[in-house]
Amino acid sequence: TFNKDLGQHILKNPLVIDNMVEKAALRPTDVVLEIGPGTGNMTVKILPHVKKLVVCEIDIRLVGELEKRVQGTPYRSKLNILIGDALKTKFPFFDVCLANIPYQISSPLVFKLLHHRPFFRCAILMFQKEFAQRLVAKPGDKLYGRLAANVQLLARVDIVMKVGKNNFKPPPKVESSVVRIEPISPQPDINLKEWDGMLRLVFLRKNKTIGAIFRLKAVIDLMEKNYRVYCSLKNIKLDDNFSCKEMVEKVLEESGFQESRARSMEIDQLLVLLCAFNSKGFHFV
Ligand code: SAM
């Protein structure tokens, strides 16, 4: 019996597993990380190809099954089992991450992987189809938003395979897709919290222009609060007739993005906007 709360949907189609392993282009020297190995269907297919495989599984019952499966084989010594929540467990160094993950941890797991240093070479992960589409969405696509902009700032992402429900036991309610994630190097030299802070604002209302968003009172108030903190840290004295609204307006005018909408802006353009704000002392954290 499988625990639905833990997203336990076992991959039963060996062709899908083989395909995922192939997409990872494993090398014999690789250290691989697998999240949620479950009963080990993918685990046993990875082991012959790599130097070391670290798995992280929350369900101790399944860990027992996995251990039984590799016991007495030459692969046991390559396998390192971490028992616990993948979101709370410290990951060791790894070259490649390969996993059919529990879908409820998709977003935090992607960011945990992207913030892991040193960088991995690539990750091949199974996601719910809609989440995968949000990850790879491009400016102008319906699903382009904060998630895509946050992830694509740091990585190249592609859907490499579509996987129907019936490849799993029990079948999940949703269709799935396998995504390949490859960190970009060098990474952009910006404060990621600040980047996300700006994305929260510009993607707040999908149909509003950048100009309109930065005229919203709540947004101006937030900008002013951050600006005052910045000025006090830098010992900058504010003019008596200082108007945050006018200053923000000026930054936008100069940037040329006033009439743009975030939903159709490239990451590079969003970066230009962030730099324009930062260069005038406006911050988003
Ligand atoms: N990899 C196996 C396969 O493809 O047959 C099982 C995949 S199943 C979709 C997800 C697995 O992740 C389950 O074994 C579940 O117990 C485990 N899991 C759920 N939440 C987890 C978490 N927070 N950390 C680590 N593992 C988790």
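Within each chain, residues carry numbers counting from 1 in the order of the written sequence. Local features in a predicted model are, by the rule used here, given only for residues with pLDDT of at least 70; side-chain atom pairs are given and counted only at 80 or more, and totals for whole chains, interfaces and linings are based on all residues. Side-chain metrics rest on all non-hydrogen atoms present in the structure, leaving aside hydrogens and water.

Side note on the overall build of the protein
Then, in step 1: Within the protein, the secondary structure is distributed over 11 helices and 9 strands.
Then, in step 2: Viewed in the frame of its principal axes, the protein has a C-alpha envelope of about 80 × 35 × 30 Å.
Then, in step 3: A 1.4 Å probe rolled over the protein chains alone gives each residue an accessible area, and that area as a share of the maximum for its type sets the label: buried under 20%, exposed over 50%, partly exposed in between. Evaluated residue by residue, the protein yields a buried proportion of 49% over its 285 residues.
Then, in step 4: For this analysis, residues touch if any pair of their heavy atoms sits within 4.5 Å. Nonlocal contacts in the protein, meaning residues at least 24 apart in sequence, comprise 68% of its contacts between residues at least 6 apart.
Then, in step 5: Charge counting follows a simple rule: Lys and Arg are positive, Asp and Glu are negative, and His as well as the terminal groups are ignored. The location of each charge is read from NZ of Lys, CZ of Arg, CG of Asp or CD of Glu. Of note, the protein has its 44 positive side-chain charges centred 5 Å away from the centre of its 30 negative side-chain charges. Runs of E in the DSSP output that reach at least two residues are strands. Runs of H or I that reach at least four are helices, and both are numbered from the N terminus.

Some details on the nonpolar core
Then, in step 1: By nonpolar core we mean a set of buried residues, namely Ala, Val, Leu, Ile, Met, Phe, Trp, Tyr and Cys, connected to one another through side-chain atoms within 4.5 Å. If you look at the biggest cluster of nonpolar residues, it comprises 99 residues, and the most contacted ones within it are F214 and F277.
Then, in step 2: It is helix 11 (residues 267–279) that contributes the most residues to this core, 7 residues altogether.
Then, in step 3: Not counting the four nearest positions on each side in its chain, F277 is found in contact with M198, F214, M223, V248, V251, L252, F282 and F284.

Regarding the pairing of strand 4 (residues 79–83)
Each regular strand carries side chains that alternate between the two faces of the sheet.
Then, in step 1: By definition, two strands form a pair when at least two bridges between them are found by DSSP. Two elements, strand 3 (residues 52–57) and strand 4, share 5 bridges in a ladder whose sense is parallel. The residue of strand 4 that forms the bridge with V54 is N80.
Then, in step 2: Handedness of a crossover is defined as follows: orient the strands so they point away from the viewer, and if the path from the first strand over the helix to the second runs clockwise, the crossover is right-handed. A crossover links strand 3 with its parallel partner strand 4, the connecting element being helix 3 (residues 60–70), and its sense is right-handed.

A closer look at the sheet that holds strand 5 (residues 96–100)
Then, in step 1: Strand order in the open sheet made by the 7 strands is 4-3-2-5-6-9-7, with mixed pairing throughout. Looking at strand neighbours, the two that pair on one side only are strand 4 and strand 7 (155–163), the edges of this open sheet. The sheet shows a mean angle of 20 degrees between the axes of neighbouring strands, taken without regard to direction.
Then, in step 2: Of the strand pairs in this sheet, strand 2 (residues 31–35) and strand 5 are connected by 2 bridges, and their pairing is parallel. Counted as the bridge partner of V32 is V96 from strand 5.
Then, in step 3: Lines fitted to C-alpha atoms define the axes here, with helix axes fitted over just the stretch in contact, and angles between the N-to-C directions of these axes take values from 0 to 180 degrees. In the packing of helix 3 onto the sheet, the strands contacted are strand 3 and strand 4, and the crossing angle to strand 4 comes to about 170 degrees.
Then, in step 4: Along the sheet face, helix 4 (residues 106–114) touches strand 2, strand 5, strand 6 (122–128), strand 7 and strand 9 (176–183) and points at about 170 degrees away from the line of strand 6.

Some remarks on the site of the ligand
Then, in step 1: We define proximity as follows: a residue is near a molecule or strand when any one of its heavy atoms falls within 4 Å of that partner. Residues in contact with the ligand amount to 21 residues; listed here are only the nearest, Q8, G36, E57, A86 and N100.
Then, in step 2: Two N or O atoms count as a polar contact when they lie within 3.5 Å, although within protein this holds only if one can serve as hydrogen donor and the other as acceptor, and sequence-adjacent residues are included solely when both atoms are side-chain atoms. Residue E57 places a side-chain N or O atom 2.6 Å away from an oxygen atom belonging to the ligand.
Then, in step 3: Here the Shrake-Rupley method, with its probe set to 1.4 Å, supplies the accessible areas, and only the displayed protein chains count as covering residues. Coverage of the ligand by the protein amounts to 98% of the 590 Å² it exposes when considered alone.
Then, in step 4: Residue type decides the class: Asp, Glu, Lys and Arg count as charged, Ala, Val, Leu, Ile, Met, Phe, Trp, Tyr, Cys and Pro as nonpolar, and the leftover types, Gly among them, as polar. Classifying every residue of the shell around the ligand by side-chain character gives 10 nonpolar, 7 polar and 4 charged.

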